[in-house]
Amino acid sequence: MDSSPHHQDTNNIDSSFDNYQDNKEIIVTPWEVSGEIEDRMYIKLIEKFGTQGLSQDLIEKFRKLTGEVHPLIKSQYFFSHRDLDWLLTKYENGDPFYLYTGRGPSGFIHIGHILPWLFTKYLQDKFGSKLLFQFTDDEKFLYNPRATRETISKYTAENILDIIAIGFQPNLTRIIIDTQHINYLYPIATEIAKKITFSTAKAVFGFTNTTNLGMIGFPPIQAAPCFLPSIIEKKPTPVLIPAAIDQDPYWRITRDIAVKLGFYKPAQIHSKFLPSLSRISKMSSSKPETAIFTTDEPEIVEKKVLSSFTGGQATISLQKKLGGNADICPVYAYLRYFFDNEKESLERYIRCKSGNLLCGECKSDLADNTKTFIIDFKRKREKAKDKVKDFMFDEKCLQ
Ligand code: TYM
């Protein structure tokens with residue numbers, strides 16, 4: 001079978017991933033990202049995870065197909081990939097691809113989650129791709145000792161509204177909730193599970209003797225939707241996963257066993273993380289005071305933004321004298337990735353560095369933009385309530 005490059009993704013990175021965790025500077029797993037987020041870290045992650053940076057040639061290939069370079073690629077928010085060039089060549093040769101992404105419903109949705117989904121919607125619109133969207137309600141129940149089935153179900157229902165509000169096309173998008181649709185995933189998951197040893201899972205995910213059995217058995221469930229398109233289409237079907245790079249361990253183990261099971265390796269495009277308002281680590285639902293949620297009231301959004309960490313100096317006169325540090329400023333990052341165009345962002349950067357821009361102005365720009373965005377998004381969430389059924393995976397998807 002024609003397939004993507006055949007190197008062993010897990011063998012490549014097992015030990016270096018461990019070493020990376022050992023050096024205590026930064027931890028990146030699907031369940032934990034800690035340490036200060038800065039651009040240097042992403043270069044290191046490409047090296048350690050054995051992924052590839054987005055080259056100019058690849059960006060050009062993308063541009064030829066989409067007619068432009070998406071701002072999130074231009075700003076290098078999406079910075080890394082596996083087999084994207086292979087996937088685009090397949091597409092050029094008449095082989096369409098599925099998109100696959102997902103959410104672990106552990107809380108409300110914050111604006112960090114939204115960026116990969118907005119990009120996924122863009123890809124769906126440009127390439128006419130079908131999308132499988134997985135809710136790993138089992139993963140989040142198993143991971144958090146305090147989680148109850150009731151709270152996870154509540155967040156699943158709430159988060160589905162956000163997914164629909166993103167604007168995915170109902171005729172091309174299907175939502176899979178693990179505990180409800182397990183019959184479609186389990187046969188594939190058992191095939192996957194049989195090919196992965198505990199030793200590999202331990203090295204890739206950092207499982208220990210105290211990890212509960214549910215978590216140890218979970219990764220094949222997240223791997224399964226990578227192969228579901230081939231079952232739906234009744235032939236090997238390329239799949240592209242847009243997500244932040246924290247999810248990469250899942251794809252490493254999936255890619256290593258894909259060809260053995262007669263499937264293509266899933267391709268990925270990896271994004272960076274939107275930092276938390278305190279700058280320490282990524283934005284996370286588990287630290288609500290430093291995250292902006294789609295369910296936050298506009299006054300709360302404003303309050304959170306105004307009390308955010310910035311890259312500014314301690315006083316106005318020092319700021320004017322020394323300039324600010326936009327490179328470490330979450331306010332600058334949100335404006336850059338969400339709201340400013342390239343020119344505005346560059347101007348903001350220069351004015352900040354040269355001491356001609358004070359943090360108050362950036363905070364106020366961000367608060368205004370975010371409030372407008374959230375008010376509009378809330379409206380879309382409300383409308384989504386009538387559409388949930390249209391998006392659910394069912395038997396018809398397999399016919
Ligand atoms: P979850 O719910 O942790 O995250 C959902 C998506 O958001 C990305 N993400 C972020 N991106 C930027 N900045 C942040 N601060 C940030 N925090 C999270 C994640 O990378 C992810 O793309 N196990 C998964 C659910 C899942 C999934 C998938 C994700 C199932 N199948 C396929 C991606 C692709 C999870 O708990 O994601």
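Given the structure is predicted, the values throughout are model-derived calculations rather than measurements.

Draft legend 1. Molecular detail of the overall build of the chain. Looking only at helices and strands, the chain features 20 helices and nine strands. Taking 2.2 N^0.38 as the reference for a compact globule, 399 residues should give roughly 21 Å; the C-alpha atoms of the chain span a radius of gyration of 21 Å, in line with that estimate. Overall, the C-alpha framework of the chain stretches about 65 × 50 × 45 Å when taken along its three principal axes. Relative to its 399 residues, the chain shows a buried fraction of 54%. Counted over contacts in the chain with a minimum sequence separation of 6, partners at least 24 positions apart contribute 80%. For the chain, the computed accessible surface area is about 17,600 Å², with 52% contributed by carbon and sulfur atoms. Positive and negative charge centroids in the chain, built from 52 and 50 side chains respectively, lie 1 Å apart.

Draft legend 2. Layout of helix H10 (residues 198-205). Within H10 the residues assigned to the buried category are Ala201, Ala203, Val204 and Phe205. Two residues or fewer after H10 comes Gly206, characterised by a positive phi angle close to 75°.

Draft legend 3. Here's a closer look at the nonpolar core. Residues Leu84, Phe119, Ile175, Leu240 and Tyr334 are the most contacted members of the largest nonpolar core, which totals 66 residues. For this core, the leading source of residues is helix H6 (residues 111-127), giving eight residues. Leu132, Ile221, Ala224 and Ile232 belong to the second-largest nonpolar core, a separate cluster that totals 35 residues.

Draft legend 4. Highlighting the confidence of the model for the chain. Predicted confidence across the chain gives a mean pLDDT of 91, with 92% of residues reaching 70 or more. When the criterion is pLDDT under 50, residues 1-7 qualifies, and its contacts beyond four places in sequence or with other chains add up to 22 contacts. Segment residues 11-24: pLDDT under 50, and 23 contacts once partners within four positions in sequence are set aside and those in other chains are kept.

Draft legend 5. Focus on the site of the ligand. By nearness alone, 26 residues border the ligand, and Arg103, Glu139, Gln222, Asp246 and Leu274 come closest of all. Side-chain polar atom of Arg103 to an oxygen atom of the ligand: 2.7 Å apart, as the coordinates give it. Gln247 is positioned with one of its side-chain polar atoms (N or O) 3.2 Å from a nitrogen atom of the ligand. Listing elements by their share of the shell around the ligand, those giving two or more residues are strand E5 (98-103), H6, helix H7 (137-143) and strand E8 (239-244). Looking at the shell around the ligand element by element, the count peaks at four residues for E5. Its residues placed into classes, the shell around the ligand shows 10 nonpolar, 10 polar and six charged.

Procedures and definitions
Residues numbered from 1 in each chain as written. Predicted model: local features only at pLDDT ≥ 70, side-chain atom pairs only at ≥ 80, totals over all residues. Heavy atoms only, no water. Helix = DSSP H or I, 4+ residues; strand = E, 2+ residues; numbered from the N terminus. Rg over C-alpha atoms; globule rule 2.2 N^0.38 Å. Buried < 20%, exposed > 50% of the residue type's maximum accessible area, 1.4 Å probe, protein only. Contact = heavy atoms within 4.5 Å. Areas by Shrake-Rupley, 256 points an atom, 1.4 Å probe, with all protein chains shown as cover. Lys, Arg positive; Asp, Glu negative; His and termini not counted. Charge placed at Lys NZ, Arg CZ, Asp CG, Glu CD. Core = buried A, V, L, I, M, F, W, Y, C linked by side-chain atoms within 4.5 Å. pLDDT = per-residue confidence, 0-100. Near = heavy atom within 4 Å. Polar contact = N/O pair within 3.5 Å; in protein donor to acceptor, adjacent residues only side chain to side chain. Nonpolar A, V, L, I, M, F, W, Y, C, P; charged D, E, K, R; others polar.

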